[in-house]
Amino acid sequence: MEEENFPRGGVKKAEGKKNKKEPNLFQDISQGSDTKKKQKKQKKGGKANKDGGSESKKKHKMEGQVSGQMGQEQPQFLSKKFLYPGMLMLGYVKQIKNYALMMALPNGLSGTVPITNISQAYTESLQRFSEAQDDNVENVSTLAELFKVGMVMPCKLTELDKNADSKSLTLTINPKDVNGDLSASSLRHGMCVYGNVSSQEDHGYIIDIGVKGVQVFLKNKHASRYIQLYNNDNPLGVGQCLMCKIKMKGDRMSVLTGQNRVVNVTIDPLELKNVEGTEVSDVQFTSLVPGMKVHAKVEKVVKDDGIVVEFHKLRGLIHKSHLPKPPGSYSHAQQVTCCILYIHPLIKAVTLTLLPHLTDYVGVPTGLFGKVKVGQTIEEATVKKTEKKRGVFLDLQNNITGFAGMSNLSDDNVENVQQAFKKGSTHRCRVLGFYPMEALVIVTMKQSVLDEKYMRITDVKPGDILDCKVKKLEKKGISVEVHKGIMGMIPTMQMADVTLQHPEQKFKADDKIKCRVLFVNKKRSNVTLTHKKSLINSKYPVISNYHQIEVGQILEGYISAIKDFGCFVRFYSDVMGLTPRAMLSTEPIEYPEKVFFKGQVVRCKVVHVNPPTKKLTLTFVLEGKTEFGQRTKEMPKDFKAGKKVKCKVLKKTETGVDVELVSSHMKAFLPKTHLSDSMEMCDALWNMYKPGDVIEHAMYWHKSKMPLLTCKPCLLTSAENEEDFVTTFDPLTPGMMLPGVVRNIMSYGIFVEFANGLFGLVPMQYAVDKRVPDIKVFYQPGQTVVAKVVEVNKEKQRFLASLRMKDCYHGNTEIGIELTWNYLKERKRLLESLQKTKDKGLLTKVEFGSVHKVTITKVTKIGAICELENGIKAIVTKDHMPFKEEVSEGQTLDSVVLYVDLKQNCVEVSLDSKLVPPVKKRLEKDDLQAARVDQILQSKVVLIKDDFIVVKLSGHAKGQLAYLPARRHWNDVLEKHQYTVGQENKVKIKRVEGDLILASLKVHEDKAVEDEDKLNHVPSHSLNIGDICDATVRKVYKDQIYINVNGTHGRVHVTEMFDHVENGSCPPLRLTKGQEVKVRVIGFRDNKSKKYLPISHPKLKKAMPDCTMKPSILSLDKLPDRYSCTENNYSVGDKVVAYVDCYSCNYVYTHVSPSVRGKVHLLNMSSSLQVLKEPGKHFRTGQVYNATVINIYTDTLVELSLLDTPYEEVCLGKETQGVVCLSRKDAGLVLQLRDDIRGTVDLTDISDNYVDQPTEGFKQGDILTVKVLELDKLSKQAVVTLRPDESVSKPVDERIQSISDLTRGQIVRGYIMRLSKEGITVRLGVGVKFVLSQGSIVDGKYVKTQMMKKELKVGNVIRVKFLGYDKNNEPEWSMQDVERIPKQCLSDTPIRKNKKKRKRSVSNSSADSEVTKAKKTKLKNIETLNEIDENIQLEIEGLEKLDRDDLDERDSVTNSSVVSDPGMNLSDSIEERIDKDWKNLKISVSGVGDDDKQVNRSVVETDDMLMTKEASEESDNESISDSEESSSDSSDNEEVERTSKLPGKNELEVISKKEDASDVSEKNNEDKLDTLEDSDTEANLRIKERLSKKLSESTKTVRQTDSSSEKSSQKQKTRGNKRRSQSELEGESPKKKQKESIKKEKEVPKETVNSDIEVKVVTKSDVQVSEKPVLEVGDGFSWDTDFKLPSLKQGEISSDDSDDEGTEKPVKKSKEQIRQEKKEEEKRIYQAEMQRLEGEVQPETADDFDRLVLQSPNSSLVWLNYMAFHLGTTEIDKARAVAERALKTISFREEQEKLNVWVAYLNLENMYGTAETVRKVLTRAVQQNDQISIYLQMINIYVKSGKTEDGEQLFNTLVKKHSGNKDVWIKFGEFYFQQGRVESARKLLQRCMKSLDISQHVDTIVKFAQMEFKHGEPERGKTMFENILSTYPKRTDLWSVYIDLVTKLGELDTARSLFNRVIQLLSAKKVKFFFRKYLQFENKHGSEDQVAEVKRKALHYVESQGFVDQ
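Residues numbered from 1 in each chain as written. Predicted model: local features only at pLDDT ≥ 70, side-chain atom pairs only at ≥ 80, totals over all residues. Heavy atoms only, no water.

So, the sheet that holds strand 68 (residues 1328-1332)
Line of reasoning, step 1. Spatially, 5 strands are ordered 68-67-66-71-72 in an open sheet, and the strand pairing comes out antiparallel. Whereas interior strands pair on both sides, the edge strands pair on one side only; in this sheet they are strand 68 and strand 72 (1371-1375). When the angles between neighbouring strand axes are averaged without regard to direction, this sheet yields 45°.
Line of reasoning, step 2. As paired strands, strand 67 (residues 1319-1325) and strand 68 are joined by 5 bridges and run antiparallel to one another. Within the sheet, the bridge partner assigned to G1325 lies in strand 68 and is V1328. (Pairing = 2+ DSSP bridges. Helix = DSSP H or I, 4+ residues; strand = E, 2+ residues; numbered from the N terminus. Axes fitted to C-alpha atoms, helices over the stretch in contact; angles between N-to-C directions.)

Here it is as structure tokens:
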């Protein structure tokens, strides 16, 4: 039952008044006297309810007031007095803030929608976002993303404060509030409602409209237009308000009854635009919502106020401000479409609007006022009309209406408005604001307002100079009034040019001060100003935008921040720049805060500016200006870096301590980070120092503006040895150890500061030994380190260093002990000094290891908070809680103090019941034995800190606590991370002083002893560089010899043996083992790392010497200064001797010195073309050449030239030589030039006379002479040409560099680049190309470019005409090759691409329908043939299974004349059963069940092959394109699949997919036939005879059918016959006859067909083969293969020949001869068919391949052969089509088969396609296969085709995507090694170590080590194995691989030593394998004595293990 509407009437007027009572405009017309009854009920209710009486009275009172205002017929403005909570209004979004929407309401009112009043779903999203603890929280859209200014939407008033400003109106747009009164019954199709997005789903959005029980869904298709046009293609966000149109399916009653509670909507603006007004005949009053359109009828026109309208028994008012026309223009009963404006809930009053921008709103933001802005002055505004009481309406511009109220007309009182502002007069006005709901601009014409400069904050501009009024003085600055209503702030730093100590004395309230605007914050309505006179009076430009800045410009600003790396300078607005520390001054400023201060005004110069990124770089270094930081004071006379001094503290700053030198009384600076080696102690000591304190131990570090000091113990200790303390750059050499301080940490490395201002860079790979995610966690500025110099660049005065432990730490555990000892001494001194202070006094008295009573105050999840007896706070972590005991608040327990935290003012204690009692017991008893130095004790970790580890000792020292070093070395940043609380270790006591015990881990001590022992076992020597010694040859290799010199091992590299060599010679190393030679020491190498050591290295005397045998060096008295085996001292132009190592990828790699390699490019190898064509044959390993250095890449690699002529660089405009790398018919040639420059030759630059296919004459490796046209040496790219010089001959086709070179009407020639759907892409020159679209005109004809693709080829020449430019300034072209364009490619009418496609698709579909219809007809009878072919196997199997006796009996009964009459049909005996079982026959074939496992796969294959054959011939006759052929093939396959879906198809499909099972079945059948033929028994002979008869008769029937249809078929296939030779026709005639016989059979009824074929039904009673009756045919012919009949013998005549040649008389033969010939012929046919089935006969045509792929659709081998067949005939497109067919056909389960096709497809595109086609195919392949497999296959293709750069690029992509896969990195490394790029492979190993998990490091390093053995340096491989085995000595697999590699290398002695090592390390279970391997090794390579020695060692090992008895 529907609710009736009872609108309230007006209030009852006073009785004394005689005024006539006006009827209530909103009263229900049909209501009658029900109102009085209702009023009586209300009165009764009021009396009954005393509690609610007051509220009811208030409500009635307000109702009376509102009714009195709105109860008149005169429409009125919406005023604030009329507002009532719950009122619904239409609002306009005028401003969007961060947390609220500002809404414009009717009559200029405004309200606020808080962010929590948007929708319920949006509020919940905000709540989840605020409560989220991690980053995995949903993204919540901001209000600016959800709403746009100009959106119109209904809102509801929730709160009202009539005494406040109108902005205090609080609104809501939540659908549950706005549409809360709507019911499901009020919804109807086409109705518009407002809703908010609740959530996003897969297919659309759920919309919340606030109607209970109704779900609203917005589909994606209904939102796509809105999203694309008005939402920036972004999906709709949760909370977004939308205007929706209901698309209701079915009857509304389904919604009412709950059957269809899901309603679809659309937000498409086009559909919303067509929405008409709602007929509200059955809509309740409560269902009315603002914004709803309704049809209304004018009831009454109220003069000058508006109109009254009627709609559905209700009356509504429309004020004249919401009428587009004057009220008088409306007539009674006129129909209008209105929009509801607002609804009063108390009196149910409805106000509407007729303004177009509201009635026509379709949910899209509207811009009403164009470019009009607040504060804008409009010079000429025309008066439209005037109203006496209201004001003046003006026409501003572009139909925008302005309104000036009475108070805004003039500064003076206007008596006669109409006289002062006549209609049509123009006036000057200024915009004050907007009334969006009325589409009015509020203006003023007051002269005082027009003259004002600032009306609002947006009028204030940065740089303006203002007179401000001081309001008050605050902590952050001075608050001033800029203008009326505009406030500003002067920050403290901007009060004056100097820092004011007492600003209150200078600035008083109401003072007038001059200021300058710095920044205007429009969002916060605040202005930032400055009172600095230097800025106010500045003559430099005001910079408020980055686009105003130019490089070199001088600017003036102020310093806003000071950092270590420089100063930030701020200008006006938000413009800010950085002055790096290096640009602060020409003098180095180490600490900028000592020179500059915040707020300082500075002049600077622009160095670099990037406006888009807002990056500005400045410099303070200006010409003629005194620079900052200049040393105005002299340095101390005794200043020397490293000298110790005493100083006194003057004051403390944030970054350090200002001190005074005691000796010279000069000032110096001690940075905070230089107070201690411990970063924790630096802050503590800084807090400890006070002015006047004397620092005894300090040292000069370096000098800046003043001397800088340091107190770091590490630096003080290192400076004691002045000789090793480096303070200048010159003494630096690789290998030096330098103490320093971390200065800065960058993304690429760490800058370390050393003494006297030296700086070194530590690359990131040299920072730590293991890969870490964030290096800043382990290093921080100011940290003490010791760096090892790695590389020195003396030219740039730079050097690289390493901080890795393996480079800087040599196992000395005393370093860590000393570090911890120094820390503890400093801490003790600090605690003693703080005992006298108040805040730290009690805390410092608490001693480490003491026992105290603590009271638990709070228990948390991570521990507990306690208090000591003296009130000091104590913390207990979870690890130190009582064991298996629970503590509670208030409980008192004993605790042990572990750490005193001075920073947090607390102590860390332990309540562990296993720790506290022993400590307490030891403290109580003094006679307990304590720990002593060098004792080994068990320990347990109890506390871990940055500088130490606390452990508790066990054994006799139980109850004692000791310290372990947290760092073994200054660089050991990973040691503490290896400890965990509770970890147990054995420790060695190192120092004991009172209660202070220092220990070290036993494993570290053992490792130090082991390293020392290893070093002691290596023989030492007294050799020095330059010594000449006698040596003995130990081993001879092809590139080096090993020697014994002075009792130690040494080496002589091949580059150090000869002084002079002949080019191309191979100097033999005529040395033998034991030979004496003279050598000279030139360097030393580490025995373990094989790296060269510096002279100062401590292990130098135990290192391997590197020597030389060159006579020239031996003859000198002293070794030359530049002669070194460790450094690259070569320079460009030096002559060197190069020894060939290998040739790879156009480079010859050589050895120049023991540490330097050289590479020679192909063009620099020789001037002989014969040598350059085959460089691999002319440059062999071991050859030596005299070379010239032409380039230096790194310290270990140089580029050489072997040419006798001077080396010439590639220069612009000169000729040079290049090697052809790639030839592309669509682009040109790619050449490799000298200097690693890649040159490109455009198609148009190959010749000046264009010819078709210009690239055909070039192949990879050709050497050409070209001229350089363009050159970019930075990117190594060049554009070159092969054109001859124009001065020699005039070109036929001139070079075109741009289209501007052409004139209108000019005809030029170009090359075809591409043929695509868009048209023909033509290339005229380098970078000059265009597309001839499908409408290109030729002599008034339009070209069908799609049809011309067959006539044109990529790379051919084409003539075009330049027609000029079109309207869009795009060039227009036309083709001119009329003679090359066929007539069918021309059209008289313009060609539209879309229409052509539509027409083509229709024709294709009609043709396909005809073909499909014909195929369906053919398939009806082919089914029968399939059934016959299927049962051949079953007949054979059945005959074989018959018992011999039953077979004889059966033969005698069924056919007694089989042997005597071979011509008799085998099936005659059962002819009567055929008719009876015909129905069963069809069921048998079509309904084969799952139990029938012997069904032949050819059942389906025959259909496919026949149809494919027919489809291909039909396509040939119709002359369709290649693409159409491929599409028809695919459609044919689909048709076959549809047709083959018969009952029982599941079994057929399964068997067709299982090739292996089918092949086995066929093989078994063949074997059974062979068995029958080989057997001589009578039964077998009978079986064979019966089979041969069946074959003979069936073949005879087929031939008779062929002969009758052959003549008619040949007339239809003339095209195919022309292509075939006579021999081919003879070979293919059986195939044609088969097809014709099939066609003929289809025309014959079933009975006729069946009677022509000899069949036999083998039932279950006869043979137990199948459960259902099956059909056999005695036909050995196969329908799916082609074959050639054997050649006839002499005298024999083919039956085909006899048919064709009727003139020849047949030779008479006896019956026996005829019978014998038939047998032989059938046997030949059978064998031929079996050969076809087995694949012994290779396919020769496309049809053959079609049959093969249908027979084996999942075999990639067949498809690949098919592709190769097309490639052999250069039909590339057909090969692509085959590849696409294969990918569609092969089953998705056959992943490997599909992968094979993808690889072949990629290979095809790489060979014959373009880079773009390769990329597209590769993208598809990656999407459908395993990414890694495809990428690796593609890389192999690139490598094989010589595109190594592409392969490397693809490898880089692969390792980025799969950085965690070790196999990818290993493959990449193998690639580098195979290409001869050994250094790149080694760098790759370092890269992969950073990406791989640590568990994969060992396997990866082992693989790279193996590659070093095979392709790199075996010595390096050995080193890698040794390093790994030193860490993992028990890895048997590593030992085995290592031994095998060394054995393969031929180093048998090394292998023996490895065997001896491994058998000493492993357990008995593992060592057995190596003894066996050792014995096999000696049996193969050793002598009998050595074999016996191995056996002796094995026996000794067994005895030592106690296995003697066994």
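Notes on a negative patch on the surface
Line of reasoning, step 1. Taken together, the side chains of E1215, D1285, E1286 and E1294 make up a negatively charged region of the molecular surface.
Line of reasoning, step 2. Turning to its location among the elements, E1215 is positioned in strand 61 (residues 1215-1224).
Line of reasoning, step 3. Classification of E1215 by relative accessible area gives exposed; the value is 60%. (Patch = residues over 30% accessible without salt bridge, like charges linked within 9 Å, V, L, I, M, F, W, Y side chains within 5 Å. Areas by Shrake-Rupley, 256 points an atom, 1.4 Å probe, with all protein chains shown as cover. Salt bridge = Lys/Arg side-chain N within 4 Å of Asp/Glu carboxyl O. Lys, Arg positive; Asp, Glu negative; His and termini not counted. Charge placed at Lys NZ, Arg CZ, Asp CG, Glu CD. Buried < 20%, exposed > 50% of the residue type's maximum accessible area, 1.4 Å probe, protein only.)

So, the pairing of strand 61
Line of reasoning, step 1. Pairing of strand 61 with strand 64 (residues 1263-1272) involves 5 bridges; the strand directions are antiparallel. The residue bridging G1218 from the neighbouring strand is L1264, located in strand 64.
Line of reasoning, step 2. Between strand 61 and strand 62 (residues 1228-1232), which pair antiparallel one after the other, the connecting turn spans 3 residues.

Section: the side chain of T1900
Line of reasoning, step 1. Structurally, T1900 can be placed in helix 47 (residues 1897-1911).
Line of reasoning, step 2. Looking at T1900, the relative accessible area reads 0%, which means it is buried.
Line of reasoning, step 3. Residues in contact with T1900, not counting those within four places in the same chain, are K1862, I1866, L1885, C1888, M1889 and L1892. (Contact = heavy atoms within 4.5 Å.)

Overview of the confidence of the model for the chain
Where the model shows low pLDDT, its predicted coordinates should not be examined in detail.
Line of reasoning, step 1. Of the residues in the chain, 75% reach a pLDDT of 70 or more, and the chain-wide mean stands at 76.
Line of reasoning, step 2. With pLDDT under 50 throughout, residues 1393-1584 is counted as low confidence; its partners more than four residues away or in other chains account for 243 contacts.
Line of reasoning, step 3. Predicted confidence for residues 1587-1705 stays below pLDDT 50, and this span has 200 contacts to residues more than four positions away or in other chains. (pLDDT = per-residue confidence, 0-100.)

Structural notes on the packing of helix 46 (residues 1878-1891) against helix 47
Line of reasoning, step 1. Orientation of helix 46 relative to helix 47, taken along the N-to-C sense of each, is 175°, at an axis distance of 11 Å. As summarised for this structure, helix 46 and helix 47 are arranged roughly antiparallel, according to the angle between their axes. Only H1897, T1900, I1901, F1904, E1908 and H1911 of helix 47 make contact with helix 46, whose side of the interface consists of V1878, A1881, R1882, L1884, L1885, C1888 and M1889.
Line of reasoning, step 2. For the contact of helix 46 with helix 47, the class distribution of residues is 8 nonpolar, 3 polar and 2 charged. (Parallel < 35°, antiparallel > 145°, perpendicular 65-115°, else oblique. Nonpolar A, V, L, I, M, F, W, Y, C, P; charged D, E, K, R; others polar.)

So, the nonpolar core
Line of reasoning, step 1. Among the nonpolar cores identified, the biggest contains 80 residues, and L1818, I1830 and M1834 are the most heavily contacted of them.
Line of reasoning, step 2. If one sorts the elements of this core by residue count, helix 43 (residues 1827-1840) sits on top with 8 residues.
Line of reasoning, step 3. Leaving out residues up to four positions away in the same chain, L1818 has contacts with L1802, I1830, Y1831, M1834 and L1850.
Line of reasoning, step 4. V645, I695, A874 and V900 belong to the second largest nonpolar core, which has 60 residues in total. (Core = buried A, V, L, I, M, F, W, Y, C linked by side-chain atoms within 4.5 Å.)

Details of unusual backbone geometry
Line of reasoning, step 1. One non-glycine residue, A439, adopts positive backbone phi at about 60°.
Line of reasoning, step 2. Examined against the element boundaries, A439 turns out to sit in the loop between strand 19 (426-435) and strand 20 (440-444).
Line of reasoning, step 3. Of note, Q797 is a non-glycine position whose phi angle comes to about 55°, a positive value.
Line of reasoning, step 4. Residue placement: Q797 occurs in the loop between strand 39 (784-793) and strand 40 (798-802).

Some points on the packing of helix 47 against helix 49 (residues 1932-1945)
Line of reasoning, step 1. Following both chains from N to C, one finds helix 47 and helix 49 inclined at 5°, their axes separated by 11 Å at the closest point. Relative to helix 49, the element helix 47 lies roughly parallel. Counted together, V1898, V1902, Q1906 and F1909 of helix 47 and L1934, V1937, Y1938, L1941, V1942 and L1945 of helix 49 form the full contact between these two elements.

Some thoughts on the pattern of salt bridges
Line of reasoning, step 1. The full count for this structure, using the stated rule, is 59 salt bridges.
Line of reasoning, step 2. E1947 is paired through a salt bridge with K1918; the nearest N and O atoms lie 1.9 Å apart. One end of the pair, E1947, is in the loop between helix 49 and helix 50 (1948-1961); the other, K1918, is in helix 48 (residues 1914-1927), with 29 residues separating them in the sequence. Judged on exposure class, the residue E1947 and its partner K1918 are both buried.
Line of reasoning, step 3. Several salt bridges converge on common partners, so that one network encompasses E814, E818, K990, R991 and E1005.

Notes on helix 6 (residues 220-230)
Line of reasoning, step 1. Among the residues making up helix 6, those that are buried are H222, A223, Y226 and I227. All buried residues of helix 6 fall inside an arc of 120° around its axis, so they share one side. Exposed and facing more than 90 degrees away from the buried side of helix 6 are K221, Q228 and L229.
Line of reasoning, step 2. Buried-residue contacts for helix 6 involve strand 7 (204-208), strand 8 (215-219), strand 9 (241-247), strand 10 (262-266) and helix 8 (269-273). (Arc of directions from axis to C-beta.)

Thoughts on the side chain of T619
Line of reasoning, step 1. Following the sequence through the fold, T619 ends up in strand 30 (residues 615-619).
Line of reasoning, step 2. Here M583 takes part through its backbone oxygen, which lies 3.2 Å from a polar atom of the side chain of T619.
Line of reasoning, step 3. Here V621 takes part through its backbone nitrogen, which lies 3.2 Å from a polar atom of the side chain of T619.
Line of reasoning, step 4. If we skip the residues at most four places from it in the chain, T619 touches T579, M583, C604, K605 and V607. (Polar contact = N/O pair within 3.5 Å; in protein donor to acceptor, adjacent residues only side chain to side chain.)

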